[in-house]
Amino acid sequence: MTTPEQPGQPPIAPATGSTGVTPPASPVSPTYSPVAEPSRPQWAAPPPNPATPDHWLEPVVASGDARSTDAGGAQRDGARPRSLVGPLLAVALVAALITSFGQYLVFQAAGAFAPAASPAAVTGQPVSQTSVQLDEESAVIRAAAAVSPAIVTITSRTGDLADTTESDPFSLPATGVGSGIIYDAAGWILTNRHVVAGSDSVTVKLKDGREFEGSTYGIDTLTDLAIVRIEGSDLPVAPLGDSTTLEIGQLAIAIGSPLGDFENSVTTGVVSATGRAITVNDEATGQPRRLRNLIQTDAAINPGNSGGALLDSLGQVIGVNTAVAGSAQGIGFAIPIEIAKPLLRQALAGEPLSRPFIGISYTSVTPTVQRASNLPIDYGAWVSGDGGTEGVRAGGPAAAAGVENGDIITEIEGQRIDAGHSLEDVLVRYRPGDVITLSVLRDGATVELEVTLGTRPADLE
């Protein structure tokens, strides 16, 4: 049960690592496909309650017969004898007022008359724009209006038109259509790897009708992502969100160009799950490729949506649409934007796109793995090979740092490695050349090791 850099046996419920080849999928599994280009092979909390008005206790004015008396209090001539009913009623009224006021004070102290608490007050979180749940319909309308101008249609072409028509007048260059996200006004566009991989030319069309010739800046070696560049002015930009705080069931909005004909189409759904792993067919190599840590959504994603944006209710990009389940409906997948952010920063800095590499094969430790392999803990990344191979790649960064086969990596820079934070999830935050500290459990003792991350090979699965 490893996640090796060399092929190995399938792991039990792996949360596989960014540094190794994922074992083959289980024999019985659904078929997933990258969101194919149309003509290329498929690869709230409720709104805050209105403030409750303060409750006021108005004074009660009693009216009664005024008895005329002289200065000494004696009754004037002709007046009837004084009755005790009036004083008794007055005493009763005063007693009732005192009792009612006392009860009011008790209830007020208990908070019975306090305004209804908002969700932020209950959780102790400050009230901010991101904590306000918008009405779903208005949220979709606002998000679409704000972000659609920054979602582009990308047409890629393989082969030269003149060459193909000269050799065969009935043949045409292979073309495909996908989508992309303008994330910087200087013309930087995030898209899917399979939208532009192997293409000889790229054309980018904006919602306002402008078209630009683009160039592929770089291809990701880890995920189905790529960066395209165009030269233009007054370009709209899509705001980036935070995919680490997603909640199951929250609104998800997909924007792209399905089938290449229906540009800037908007579909909606929810975040169905996070941390999904699927296997797709890589067009570039023709080999199966493992995609991990994906967002699952039921927002409709179709061919041509590849590289388009998955948004939250605030109109912020939380993912890049990339694949669908071919044997089902309402099961689509997007790459979390946090996984893409290191690449975006590298491109803006003029650096080549690269991913960190540690050089190990490992198995994600779960309670099941712990029991099956008699491990001392039920979390971490267990450095383990398969079929007699070692879990540490010879000459790699981990080997140079002293990592040994059988070690369990429990933390990276103080971040615990567990079901919610796989080794791959944590490593992707760093860049090649960064020095990180590993906490390793070895023979019942914790060892601290410093590793200088290498660059992930482009051909490493």
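What counts, and where the lines are drawn
Residues numbered from 1 in each chain as written. Predicted model: local features only at pLDDT ≥ 70, side-chain atom pairs only at ≥ 80, totals over all residues. Heavy atoms only, no water. Helix = DSSP H or I, 4+ residues; strand = E, 2+ residues; numbered from the N terminus. Buried < 20%, exposed > 50% of the residue type's maximum accessible area, 1.4 Å probe, protein only. Areas by Shrake-Rupley, 256 points an atom, 1.4 Å probe, with all protein chains shown as cover. Phe/Tyr/Trp six-rings, centres within 6.5 Å; stacked < 30°, edge-to-face > 60°. Lys NZ or Arg CZ within 6 Å of the ring centre and 35° of its normal. Expected span 1.5 Å × (residues − 1). Contact = heavy atoms within 4.5 Å. Polar contact = N/O pair within 3.5 Å; in protein donor to acceptor, adjacent residues only side chain to side chain. pLDDT = per-residue confidence, 0-100. Salt bridge = Lys/Arg side-chain N within 4 Å of Asp/Glu carboxyl O.

Asker: What's the story with the overall build of the protein in this structure? I'm lost.
Answerer: Along the protein, the regular secondary structure elements total nine helices and 21 strands. Here the protein, with 461 residues, has 41% of them falling under the buried criterion. Carbon and sulfur atoms provide 54% of the accessible area of the protein, an area that totals close to 23,000 Å².

Asker: Looking at this structure, I do not really get the packing of aromatic side chains. What am I missing?
Answerer: Each aromatic ring pair is characterised by the separation of its centres together with the angle its planes make. As enumerated under the stated definition, the model contains one aromatic pair in all. Arranged with centres 5.0 Å apart and planes meeting at 85°, the rings of Trp188 and Tyr217 form a pair that is edge-to-face. Of this pair, Trp188 sits in strand E4 (residues 188–191) while Tyr217 sits in strand E6 (residues 211–219), placing them 29 residues apart in sequence. For Trp188, a relative accessible area of 8% gives the class buried. Looking at Arg416, its charged tip hangs above the ring of Tyr379, at a distance of 3.6 Å from the centre.

Asker: What exactly am I supposed to notice about helix H3 (residues 136–147) here?
Answerer: The α-helix advances 3.6 residues per turn, and as a result positions three or four apart in sequence lie on the same side. With 12 residues, H3 should reach 16 Å at 1.5 Å per residue; the first-to-last C-alpha distance of 16 Å fits that figure. Turning to H3, the residues buried within the fold contact strand E2 (151–158), strand E8 (251–256), strand E9 (265–281) and strand E11 (309–311). One side-chain oxygen of the residue at the start of H3 lies 3.3 Å from the amide nitrogen of Glu137, identifying that residue as Asp135.

Asker: I tried to follow unusual backbone geometry on my own but got confused; where do I start?
Answerer: Of all residues except glycine, most have a negative phi; of all peptide bonds, most are trans. Of note in this structure, Asn264 is not a glycine but carries a positive phi near 55°. Take Asn264: it is sitting in the loop between E8 and E9. Given a relative accessible area of 15%, Asn264 falls into the buried group. For Asp443, which is not glycine, the phi torsion reads 55° and is therefore positive.

Asker: Even after reading the chapter, I still don't get the side chain of Thr223, so can you show me in this structure?
Answerer: By the secondary structure assignment, Thr223 is in the loop between E6 and strand E7 (226–229). Engagement of the side chain of Thr223 in a polar contact is seen with the side chain of Asp220, the distance being 2.3 Å. If sequence neighbours within four positions are ignored, Thr223 has contacts with Arg193, Arg289, Ile335, Ile339 and Arg355.

Asker: Sorry, what's going on with the confidence of the model for the protein here?
Answerer: Caution is warranted with low-pLDDT regions, since their predicted coordinates should not be read in detail. With 66% of its residues at a pLDDT of 70 or more, the protein shows a mean pLDDT of 77. Of all helices and strands in the protein, the one with the weakest mean pLDDT is helix H2 (residues 119–123) (39), whereas E4 scores best (98). Taken together, the stretch residues 40–81 has pLDDT below 50 and engages in 48 contacts with residues farther than four places along the chain or on a different chain. Segment residues 110–128: pLDDT under 50, and 16 contacts once partners within four positions in sequence are set aside and those in other chains are kept.

Asker: How do you make sense of the pattern of salt bridges when you look at a structure like this?
Answerer: Following the criterion strictly, the structure yields nine salt bridges and no others. Arg355 is paired through a salt bridge with Asp220; the nearest N and O atoms lie 3.0 Å apart. With Arg355 in the loop between helix H6 (337–348) and strand E14 (356–357) and Asp220 in the loop between E6 and E7, this residue pair connects regions lying 135 residues apart in the sequence. We note that Arg355, like Asp220, is buried. Put simply, Lys341 and Glu338 hold a salt bridge, and the shortest N to O gap is 2.7 Å. Taken as a pair, Lys341 and Glu338 lie in helix H6 at a separation of three residues, close to a single helical turn. Counted as one network, the salt bridges with shared partners bring together Glu404, Asp407 and Arg442.

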